[in-house]
Amino acid sequence: DQADPDTFFPRCYRLGAVDEQQAFIEDFHLTAARSLLKVALELAGDVLTGMEQPLKSGKGPGEHAELGLGEGGQRWVPRSHVPHPMPSTAGPGPPLPPQLVEEALQVCEQHLGSLGHQDIDGDPPSPRMMGTDWDRFLRDYYRVAHEGAGLVPSRAQQERCRVLLQRLAGRLPQLGMEGDRSVWILKPGAKSRGRGIVCVAQLEEVLRLVAPSVRAGEWVVQKYVERPLLIFGTKFDVRQWFLVTDWNPLTVWFYRKSYLRFCSQPFSLHHLDPARHLCNVSIQKQCGLARGRHPQLPPDQTWSCRQLQAYLAQVGRAGAWHQVMVPGMKAAVVGALRSAQDLVRSRKGSFELYGADFVFGEDCQPWLLEINASPTMAPSSAVTGQLCASVQRDTLRVVIDRRDNPTCPTGAFELIYKE
């Protein structure tokens, strides 16, 4: 498809495939280098928070109109407004030398150069060939980003960090959601209900966890959205249904209703436990609700999309759902289906109902985490009790009633794509 997956699908690798595992290692190195620049920039007292894509609106895939942020989506905010504070200089042990920042700058400058010449024949220089001792670099990076060790960049280095991050923002759509801790989410293949999923912030731990499994596809690792949209300081995701009634010609129906799943504990990148980061109902029902939990958060951990829209209106983002979030989800679904269309064996007279899981960035941009076949229809709350029944009823309207009467009501299903 013509869509750029980096604009809606967090970077993902199959660790059982040797080439993809090496690509992930190189990606982790580059992400750590960029993260170090963000820490150094934080020490200057300003933070580039608009590195994400500008807010977008559109009528369908590929039709987007920018809203809001200004040229390039860049904006500066005072340090006090940053929701996830970065380490201060007052950390354990002596401050690390400016040479660490210099190494990160050189790596990122080389990477930017390779990004700017993608149309030239030949492979760009690999990060592992840049002359960096990555084992030592990562140890120092972990001390800064995870342990709060001091870092003393020069004024000139701070300015180079600022300029370089702004230039990278124009090339890397996921830069703004990365944060500064290089957290990744590790998922075992062919499992459901969140089983075996863990969040990891060190490369060595990822490789250790997957070492016993060598088969391709056994594990996937995906970049974790470190700067998600939060509600009362708590992470949530959205389960969005869609229906494929034909793969050739591809015919896609999008459900206009969806629901939110909340975590039971407040969001924090300093603690990577499932209660704070995995919104899956099967995971969260095993976790106790946090003490002092905001009273407006639902005790049964679910909201309808209408409740989300009401919340967004209260915080001054009344148009975000219809102008940014829904168009972005539709584009992601269609892009993903088109990319897989040739791999699916088409069978007339059949259909498939899917459940897509989305998380949203601070700019309300949706990020497609995964698409689930056979999504659960078991009601876990009052919200899902109503919605699961209605989506099944409306599915029958589309796949049965509409065959005899093309003008019949289709409930909350909307035809969003037909070849």
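None of these values were measured; they are calculated from a predicted model. (Residues numbered from 1 in each chain as written. Predicted model: local features only at pLDDT ≥ 70, side-chain atom pairs only at ≥ 80, totals over all residues. Heavy atoms only, no water.)

J.: Whenever I open this one, the overall build of the chain confuses me. Can you help?
T.: Across its full length, the chain holds ten helices and 14 strands. Residues counted as buried form 53% of the 419 residues belonging to the chain. A fraction of 74% describes how many contacts in the chain between residues 6 or more apart in sequence connect residues 24 or more apart. (Helix = DSSP H or I, 4+ residues; strand = E, 2+ residues; numbered from the N terminus. Buried < 20%, exposed > 50% of the residue type's maximum accessible area, 1.4 Å probe, protein only. Contact = heavy atoms within 4.5 Å.)

J.: Help me understand the packing of helix α1 (residues 18-42) against helix α5 (residues 203-210) in this model?
T.: In helix packing, the relevant descriptors are the interaxial angle and the interaxial distance, both defined with respect to the helix axes. One can describe the packing of α1 onto α5 by two numbers: an axis separation of 11 Å at closest approach and a directional angle of 160 degrees. Compared by their axis directions, α1 and α5 come out roughly antiparallel. Judged by the twist between their axes, the crossing of α1 over α5 is right-handed. Residues Gln 21, Phe 24, Ile 25, Phe 28 and His 29 of α1 pack against Leu 203, Val 206 and Leu 207 of α5. Considered class by class, the residues forming the contact of α1 with α5 number six nonpolar, two polar and no charged. (Axes fitted to C-alpha atoms, helices over the stretch in contact; angles between N-to-C directions. Parallel < 35°, antiparallel > 145°, perpendicular 65-115°, else oblique. Left-handed = near helix turned anticlockwise from the far one by under 90°. Nonpolar A, V, L, I, M, F, W, Y, C, P; charged D, E, K, R; others polar.)

J.: Would you explain the nonpolar core in this entry?
T.: The tendency in soluble globular proteins is for nonpolar side chains to be buried as a group. One finds Phe 24, Phe 137 and Leu 151 to be the most contacted residues of the largest nonpolar core, which totals 46 residues. For this core, the secondary-structure elements that each account for two or more residues are α1, α2 (98-115), α3 (134-145), α4 (155-169), β6 (184-188), α5 and β8 (219-223). (Core = buried A, V, L, I, M, F, W, Y, C linked by side-chain atoms within 4.5 Å.)

J.: Mind showing me how you'd approach the environment of Leu 172 here?
T.: Topologically, Leu 172 is positioned in the loop between α4 and β6. Its relative accessible area of 14% is what places Leu 172 among the buried residues. In this structure, Leu 172 is in contact with Arg 34, His 111 and Leu 115, ignoring residues within four places of it in sequence.

J.: Teacher, can you tell me more about α4 here?
T.: One full turn of an α-helix is made of 3.6 residues, so residues set three or four places apart face in the same direction. For α4, with 15 residues, the first-to-last C-alpha span of 21 Å sits near the 21 Å given by 1.5 Å per residue. Among all positions in α4, only Gln 157, Gln 158, Cys 161, Arg 162, Leu 164, Leu 165, Leu 168 and Ala 169 are buried. (Expected span 1.5 Å × (residues − 1).)

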